[in-house]
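Overview (structure and organization)
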Amino acid sequence: MSSTVKPLTHPSPILGIIKAAAFEHSMLSSHAFNWDGPAARAAIEKWYTDREALDMQDPTQRFFVSVATSTDDLGSGNDETIAAWARWGVPHTKPDSTNEQDEPEYKRKKKELIENPPTGGRPELLGAFFREAVAARRKYLNEERDYVLELIATSPNFERQGHGSRLLKCLIDKAEADNARIYLEATMAGLPVYERLGWKTVDEVRLKLADYGIEGDLEDVFYIMIREPQGPGNKEQKH
Ligand SMILES: CC(C)(COP(=O)(O)OP(=O)(O)OC[C@H]1O[C@@H](n2cnc3c(N)ncnc32)[C@H](O)[C@@H]1OP(=O)(O)O)[C@@H](O)C(=O)NCCC(=O)NCCS
């Protein structure tokens, strides 16, 4: 089995399928969506895929996949499977107008989609997460200079085989080449790998699930993390 990281330029349903499988058991997604039965699950996968298809029209967003290639015993087969994917934003000039009429169509459609998640879940919980994420970005993110890891997900069948780390290293190489920081909001699952690759937690966001009608005293935590560029120039400056 070998693997390659490559850019993805066309939307594919596999994005939603992997995202749903990767996030199904996360505290936020397991409570924010209704996962009950194949039809409900298909609706979540489609919602995720539709959102990514809109993001693919955004010139600031980049998609990369990690493809696993298995070779048969004779060494002739080359079965390729997308094992993981990531999307990140590149530094860009802030739009100077907030006039809704100037807003590109894909942005308008994306807002509409996000406001209308699949039925049967808890949209107020999702909404709270988006609000907190926006507030943290206002505080810590410089979108004109920073890269932003928007999403990374590995298919559970391919976990712990290095796909996530390879995608992150590809992002790190690009950010280092620009001497740029990388901002992200981490789940608990992502925290160890981000720390290992040089990210530091700058803040935490806590959502009390009881505030959204969920029994018990569960709390979901997101870590606001930033990776400073660590190229030779930056290391020298510190000494
Ligand atoms: C986080 C994630 C992208 C890592 O992907 P991956 O392809 O397994 O990554 P790697 O093989 O490079 O492993 C990196 C590390 O992730 C952690 N990890 C991955 N799968 C794990 C699992 N099932 N249980 C616990 N830790 C796990 C480990 O720390 C692992 O390092 P190790 O194997 O040396 O201990 C993947 O687990 C995932 O999609 N999780 C659910 C979605 C999510 O939380 N995404 C991150 C949002 S911030």
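Placed above this text is the structure.
This section reports on the structure supplied with the text.

Parameters and conventions
- Residues numbered from 1 in each chain as written.
- Predicted model: local features only at pLDDT ≥ 70, side-chain atom pairs only at ≥ 80, totals over all residues.
- Heavy atoms only, no water.
- Axes fitted to C-alpha atoms, helices over the stretch in contact; angles between N-to-C directions.
- Helix = DSSP H or I, 4+ residues; strand = E, 2+ residues; numbered from the N terminus.
- Parallel < 35°, antiparallel > 145°, perpendicular 65-115°, else oblique.
- Left-handed = near helix turned anticlockwise from the far one by under 90°.
- Contact = heavy atoms within 4.5 Å.
- Nonpolar A, V, L, I, M, F, W, Y, C, P; charged D, E, K, R; others polar.
- Core = buried A, V, L, I, M, F, W, Y, C linked by side-chain atoms within 4.5 Å.
- Buried < 20%, exposed > 50% of the residue type's maximum accessible area, 1.4 Å probe, protein only.
- Phe/Tyr/Trp six-rings, centres within 6.5 Å; stacked < 30°, edge-to-face > 60°.
- Near = heavy atom within 4 Å.
- Polar contact = N/O pair within 3.5 Å; in protein donor to acceptor, adjacent residues only side chain to side chain.
- Areas by Shrake-Rupley, 256 points an atom, 1.4 Å probe, with all protein chains shown as cover.
- Salt bridge = Lys/Arg side-chain N within 4 Å of Asp/Glu carboxyl O.

Turning next to the packing of helix 1 (residues 13–23) against helix 3 (residues 38–55). Two elements in contact, helix 1 and helix 3, have axes separated by 7 Å at closest approach and are oriented at 120°. By the angle class used here, helix 1 and helix 3 are oblique. In this structure, helix 1 crosses over helix 3, and the sense of that crossing is right-handed. Counting all contacts with helix 1, which are made through Pro13, Leu15, Gly16, Ile17, Lys19, Ala20, Ala21 and Phe23, the residues of helix 3 involved are Arg41, Glu45, Tyr48, Thr49, Arg51 and Glu52. Of the residues contributing to the contact of helix 1 with helix 3, the split by class is seven nonpolar, two polar and five charged.

Turning next to the nonpolar core. In terms of nonpolar packing, the biggest core is built from 39 residues, with Leu28, Phe33, Tyr48, Trp85, Leu125, Tyr183 and Leu207 touching the most fellow members. Not counting the four nearest positions on each side in its chain, Leu125 is found in contact with Leu28, His31, Ala32, Leu207, Leu209, Tyr212 and Ile214. Counting residues in each nonpolar core, the second largest holds 25 residues, with Ala86, Tyr147, Cys170 and Ile182 among its members.

Let's shift gears to the packing of aromatic side chains. Following the criterion strictly, the structure yields nine aromatic pairs and no others. Both rings, one in Phe129 and one in Phe222, keep their centres 4.5 Å apart while their planes meet at 45°; by these two values the pair is tilted. Pair noted here: Phe129 is in helix 5 (residues 123–140) and Phe222 is in strand 7 (residues 219–227), with a separation of 93 residues, a long-range link. The same class applies to Phe129 as to Phe222, namely buried. For the ring pair Tyr194 and Trp199, a centre distance of 5.4 Å and an interplane angle of 65° mean the geometry is edge-to-face. For the pair shown, Tyr194 and Trp199 are each scored as buried. Here the aromatic residues Phe33, Trp35, Trp47 and Tyr48 are joined through ring pairs into a cluster of three or more.

Its place among the elements puts Val67 in strand 2 (residues 61–70). On the basis of relative accessible area, Val67 is assigned to the buried category, the value being 5%. In sequence terms Val67 and Ile82 are 15 residues apart; their C-alpha atoms lie 4.4 Å from each other. Beyond its immediate chain neighbours, meaning those up to four positions away, Val67 contacts Ser2, Ser3, Thr4, Lys6, Glu80, Thr81 and Ile82.

To continue, consider the packing of helix 3 against helix 4 (residues 105–115). Closest axis-to-axis distance for the helix 3/helix 4 pair is 9 Å, and the angle between their directions is 160°. One finds that helix 3 runs roughly antiparallel with respect to helix 4. The chirality of how helix 3 crosses helix 4 is left-handed. From helix 3, Trp47, Asp50, Arg51, Leu54 and Asp55 reach across to helix 4, where they touch Tyr106, Lys109, Lys110, Leu113 and Ile114. Considered class by class, the residues forming the contact of helix 3 with helix 4 number five nonpolar, no polar and five charged.

What follows deals with the site of the ligand. Around the ligand sit 21 residues, and of these Glu159, Arg160, Gly162, Ser165 and Thr187 come closest. Take Ile152: an N or O atom from its main chain is 3.1 Å from a nitrogen atom of the ligand. Arg160 places a main-chain nitrogen or oxygen 2.8 Å from an oxygen atom of the ligand. Taking 890 Å² as the accessible area of the ligand by itself, protein coverage stands at 77%. Counting only elements with at least two residues in the shell around the ligand, the list comes to helix 1, strand 4 (147–154), helix 6 (163–177), strand 5 (182–186) and helix 7 (191–196).

So, about the pattern of salt bridges. Any two side chains of opposite charge can pair, given that their charged atoms come close. With the rule as written, the count across this model stands at 22 salt bridges. The shortest N-O distance in the salt bridge between Arg181 and Asp146 comes to 2.9 Å. A residue pair is termed long-range when its members are at least 10 positions apart, and Arg181 in the loop between helix 6 and strand 5 and Asp146 in the loop between helix 5 and strand 4 qualify at 35 residues. Here the salt bridges do not stand alone but share partners, grouping Lys19, Arg51, Glu52, Asp55, Arg87 and Lys110 into one network.

Once that is clear, we can look at the environment of Phe129. The class of Phe129 is buried, set by a relative accessible area of 15%. Here the alpha-carbon distance between Phe129 and Glu112, two residues 17 residues apart in the chain, equals 17 Å. Sequence-distant contacts of Phe129, defined by excluding residues within four places in its chain, comprise Leu28, Leu207 and Phe222.

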